[in-house]
Amino acid sequence: MNIEPIDYRTAAARLLAERPDIREAITRATLAKEDRRREGYADIDSEAWRDWASRLRRHVLANLDYYLEQAGRALEANGIRVHWAEDAQATCATVLSLCHERGVRRVVKGKSMLSEEIELNPALEAAGIEVTETDLGEYLIQLAGERPSHIIGPAYHKPLSESQALFAERLGTPAGAEPSALAAAARKHLRQRFLAADMMITGANAIAADTGTIALVENEGNIRIGTTTARIHVACVGIEKLVPRLTDLGTLLPLLSRAATGQRLGNYVSLISGPRGAEPEGPDEVHVIFVDNGRSRLLADPPAASTLACIRCGACLNACPVFRQTGGHPYQWAYSGPIGAVLAPGLLGLERGWTLAQASTLCGACDAACPVRIPLSGLLRLWRERAAQAGLEAPGEAPAIRAYARLARRPHRFHMATRLLGRFAPWFGPLVPPLSRWLRGRTLPLRNRNR
Amino acid sequence: MHSYSTRAPDIRHRYAYNPSMRICLVPGCLAETFYPQAIRDSRILLEASGAEVFVPPQVTCCGQPAWSNGHPAVGRELATALLDASAAGDYIVLPSGSCAAMLRVFTPPLLETDSPRRQISAKVHELIEFLDTIVHYRPPTNSLAGRRIVVHHGCHARRELAAVGTVEHLLEAAGATVLDWKLAAECCGFGGSFAVNLPEVSVAMADRKLDALPQCDCVVTPDPGCLMQLAGRAERRGLGLTIRHAASLLREAEQMRQNEH
Amino acid sequence: MTGDLRERIRRAAVELEDPGLPPPAPRPVYTDPLTRLGERLVTNGGEWHRPPDQAAARAWLDEFAAGFASMTVSKNVPASLRPALATAPPEQAELGIGLARLAVAESGTLILDSREGRKSQLLPPTHLIWIEAANIVADLPAALERLAPDLPAALGFHSGPSRSADLGGITVLGVHGPGRVIVVLIAPLEPL
């Protein structure tokens, strides 16, 4: 089967040419969040915290079978039903059968990248179920019929004017309404959806294996409300998202919050340890679906397995100067930026995902930002190496490198060649790739100019 | 063939030097191809430290282009050949932070644990860092007085070599004012083959950097790749900026001392 | 877990290097967690009051409640801390009143227990939270250690008003949860 690789370059080039406003919005949002992250790291011993988190997450991965069993038992003991799903299709099928068995017609959702990864919304809608995203940014994206462009800020790419126009059309707000007025309109509209919902679907930031507790972090309160008003709560959770102990959340969640937005802690954290039982309010049923969808295969690949330490904070996206030009859409799947580029070949397969590993200068800004010290630039290089071994490369790259290496082994010819190239490249460059591609938007230096 | 020879007057009494020291100057492909003057300038600065400077004709490429594009075997082969060709130097100095990082930081993990080349790798320095922290070179006081300068460090020099502050230190010692740059730490978009594989994004990255520049007389960088990227984009846009290799500006300052003699 | 999945994960995990569980990460020591809680809460956009005694708290409450037409009150709040306001269902009440189980100084966080009822914590546009001085802890791990033996269906950690910056990067408050959060410190209460 011939698998088309993700064409980041073409999508990025189109976006840069046609939507300079998106580039501006993404740059502004990511630079602001990057500043906030630095501030957030500055008032803790961030190096020690990152060492701690890196070690904790790697310990979990090295004992994942143990902690999954423990978490499964503890969740069940709390009255939470646990399901296991091999892939996207099985996850959607599990949710759908829960919906059918329990007469669910209306679903509200908290922001979940896993649900984007498995394309849960289309599956539910195809079954005639009404799905409403309740995170404001995610709701905006749903109204616009788009996909999130950032792990944390699904609508970071949306200029305010677009949100205003969308809300005017869909919620009847006045043209050019202030953000506070837009938010008030969304609050009113979504509050009705919350109160009418049968089921709330969320992801999870972590699950504590010892107490069987689902941790969810947010700023708007939509997750807290949805997990209060709906009669069924379903959390779709990647198998890697465990911590051994409830107390580990005491450092992991503040670190996650600092990395994502610079906050000491997200404004709302839910720690869910069961259905309502005898309590006055809350869901009658809570379900956790542990989703594999390629993760166990990545776990079985030791050089790349540390990718699964990710806690989805989005710090590497904010730090990445490449992401900063385009946002997440040109990456063409749920995860973007450096983590998306190393997850793509891992979860989607090398043939589909290798191109994203090229979308980096290997500048290392992501390595410096990652709260769990995933060696992102090293992993980008690893996937480039595997792509090269599999014969997947930019056109002409392998022969070019071979020719270059041949030349570099012969110093005399090499020095001759640099001299000739330096002298004449500006003149013949336009005709010869890769110089012709360099000359798109740039000049070549004139060698003999006395600088 | 390329000796990058200079005739610097004897000014060794001005600062710390070790007359028996031999410095291997490795040009690096990009500087050799497009900025040979920067290599001559590097040599002048190094010779000013009083040491003997030599450029072995056998040195070619550090292997980084192959290594970072998924061909580590080729990268290792070229890096080890370069280290072997430079082994006679007490120090191995490159006017390129990126190549220096390749040889000093990225190459050892590619070598056997007991490889003698690890010791050679440990002798590698980026030029300005070497001048500032190893030989304590100082440019003539006030030689750049009144100049308002912006410094760009390549990402590998910044992160792998922790070279931030070295160029700034020398420029300030020469009386120049080093200006703040909001996006100083951001990648310029060069990234070797990235610049030609994703030219549109690469150019957008350079634009971000250039658009955030403060009013200045000159931008300097110790990295030829970044220099090519930033200068190439600035020239294409007709921004009228002066962007130079850090060695070239420091050589100009050094020249003032030499003119005094 | 299906046997197949378990076996696959076991075989993969065993090949990975296990650094072991890390010792706790270092944390700054707060000499005055009470003041720190107030500062951090205000930084997060919340309001903070520290009346000198029970009578002052009551006087403050009466004045504060005069600005509202209706309230919904958690069953954990004693009569002495309930204003004379008409009650309404949480869906309609203008003011929610609750009693925090714990507070965390380092992040300005109030920890709310679902057993007091969740809707009054979330649905009214304004939320008043009483916190006893004895229930303020320095940091989050310490709080979780105290909570672990007695976990309700849901704990809510509230560190300020509901907020979002999803609309053009401009911060708006009260998106879903309360837009105004007022925390008032009180002396230890008699057990209900």
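Keep in mind that this is a model prediction, so the values were computed, not measured. (Residues numbered from 1 in each chain as written. Chains lettered and ligands numbered in written order. Predicted model: local features only at pLDDT ≥ 70, side-chain atom pairs only at ≥ 80, totals over all residues. Heavy atoms only, no water.)

(A) Just the sheet that holds strand β4 (residues 124–126) of chain B, in detail. Residues and elements named next belong to chain B. A sheet is described by the order of its strands in space; here four strands give the open sequence β2-β1-β3-β4, paired in parallel fashion. Strand pairing shows two members of the sheet lacking a second neighbour, β2 (52–54) and β4, which therefore form its edges. Put simply, the sheet's adjacent strands are angled 30° from each other on average, direction ignored. Bridge count for strand β3 (residues 91–94) against β4 is three bridges, and the pairing is parallel. Residue pairing across strands places Val 93 opposite His 125, the latter belonging to β4. Of the strands in this sheet, β1 (22–25), β3 and β4 touch helix α7 (residues 127–134), which is tilted by about 95° from β4. (Pairing = 2+ DSSP bridges. Helix = DSSP H or I, 4+ residues; strand = E, 2+ residues; numbered from the N terminus. Axes fitted to C-alpha atoms, helices over the stretch in contact; angles between N-to-C directions. Contact = heavy atoms within 4.5 Å.)

(B) Layout of the interface of chain A and chain B. Taken together, the contact between chain A and chain B spans 60 residues of the former and 63 residues of the latter. Approximately 5400 Å² of surface area, both sides summed, lies buried where chain A meets chain B, with 59% of it carried by carbon and sulfur atoms. One can count six salt bridges joining chain A with chain B. One salt bridge in this structure joins Arg 409 of chain A and Glu 77 of chain B, with 2.3 Å as the shortest N-O distance. When contributions to the side of chain A that touches chain B are tallied by element, the ones reaching two or more residues are α1 (8–18), α2 (20–42), α15 (323–326), α18 (365–369), α19 (376–389), α20 (397–408), α21 (411–428) and α22 (435–438) of chain A. Its residues assigned to classes, the side of chain A that touches chain B shows 28 nonpolar, 14 polar and 18 charged. (Buried area = accessible area lost by both parts, 1.4 Å probe. Salt bridge = Lys/Arg side-chain N within 4 Å of Asp/Glu carboxyl O. Nonpolar A, V, L, I, M, F, W, Y, C, P; charged D, E, K, R; others polar.)

(C) Examining the side chain of Arg 23 of chain A more closely. Within the secondary structure layout, Arg 23 of chain A lies in helix α2. In terms of polar contacts, Arg 23 of chain A uses its side chain to reach the side chain of Gln 325 of chain A, at 2.7 Å. The residues contacting Arg 23 of chain A, other than those within four sequence positions of it, are Leu 16, Arg 324 and Gln 325 of chain A together with Ala 204, Asp 207 and Arg 208 of chain B. (Polar contact = N/O pair within 3.5 Å; in protein donor to acceptor, adjacent residues only side chain to side chain.)

(D) Representation of unusual backbone geometry in the model. Omega for the peptide link from Pro 433 of chain A to Pro 434 of chain A comes to 5°, which places this bond in the cis form. Although it is not a glycine, His 136 of chain B adopts a positive phi angle of roughly 55°. You can see His 136 of chain B is positioned in the loop between α7 and β5 (148–151). Of note in this structure, Asn 142 of chain B is not a glycine but carries a positive phi near 65°. Tracing the backbone through its elements, the reader meets Asn 142 of chain B in the loop between α7 and β5.

(E) Quick look at the packing of α1 of chain A against helix α11 (residues 199–211) of chain B. Following both chains from N to C, one finds α1 of chain A and α11 of chain B inclined at 45°, their axes separated by 8 Å at the closest point. Considered as vectors, α1 of chain A and α11 of chain B are oriented oblique to each other. The segment α1 of chain A lies against α11 of chain B, with Tyr 8, Arg 9, Ala 12, Ala 13 and Leu 16 of chain A engaging Pro 199, Glu 200, Val 201 and Ala 204 of chain B. Grouping the constituent residues of the contact of α1 of chain A with α11 of chain B by class yields seven nonpolar, no polar and two charged. (Parallel < 35°, antiparallel > 145°, perpendicular 65-115°, else oblique.)

(F) Fine view of a nonpolar patch on the surface. Residues and elements named next belong to chain A. A cluster of nonpolar side chains, Met 416, Leu 420, Leu 421, Phe 424, Trp 427, Phe 428, Leu 431, Val 432 and Leu 446, forms an exposed patch at the surface whose accessible area comes to about 860 Å². As for its position among the elements, Phe 428 is in helix α21. Judged by its relative accessible area of 31%, Phe 428 is partly exposed. (Patch = residues over 30% accessible without salt bridge, like charges linked within 9 Å, V, L, I, M, F, W, Y side chains within 5 Å. Areas by Shrake-Rupley, 256 points an atom, 1.4 Å probe, with all protein chains shown as cover. Buried < 20%, exposed > 50% of the residue type's maximum accessible area, 1.4 Å probe, protein only.)

(G) Structural view of the sheet that holds strand β7 (residues 232–238) of chain A. Residues and elements named next belong to chain A. With parallel pairing, six strands are arranged side by side in an open sheet as β1-β10-β7-β4-β2-β3. Taken across any chain shown, the strands that pair with only one partner, and hence form the sheet edges, are β1 (81–85) and β3 (130–133). Each adjacent strand pair in this sheet contributes to an overall mean axis angle of 20°, direction not counted. Of the pairings in the sheet, the one linking strand β4 (residues 199–202) to β7 comprises four bridges and is parallel in character. Across the sheet, Thr 202 pairs through a bridge with Ala 235, a residue of β7. In this fold helix α5 (residues 88–101) packs onto β1, β4, β7 and β10 (285–291), with an angle of close to 165° to the strand it touches most, β10.

(H) Region of the structure containing the pairing of β7 of chain A. Residue and element names in this part refer to chain A. Most of β7 is tucked away, with seven of its seven residues classed as buried. A two-sided burial pattern is seen for β7, the buried positions comprising Ile 232, Val 234, Cys 236 and Gly 238 on one face and His 233, Ala 235 and Val 237 on the other. Relative to β10, β7 runs parallel, the two sharing seven bridges. Looking across to β10, one finds that His 233 is bridged to Val 286.

(I) Just the confidence of the model for chain C, in detail. This prediction gives chain C a mean pLDDT of 95; 98% of its residues lie at or above 70. Note on the complex model: pTM 0.96, ipTM 0.97. (pLDDT = per-residue confidence, 0-100.)

(J) The environment of Leu 41 of chain C, seen in detail. Residue and element names in this part refer to chain C. Mapped onto the secondary structure, Leu 41 falls in helix α2 (residues 33–43). Given a relative accessible area of 0%, Leu 41 falls into the buried group. Note: C-alpha distance between Leu 41 and Pro 22 (19 residues apart in sequence) is 30 Å. With sequence-adjacent residues up to four places away left out, Leu 41 is seen in contact with Gly 46, Glu 47, Trp 48, Gly 108, Leu 110, Ser 159 and Val 183.

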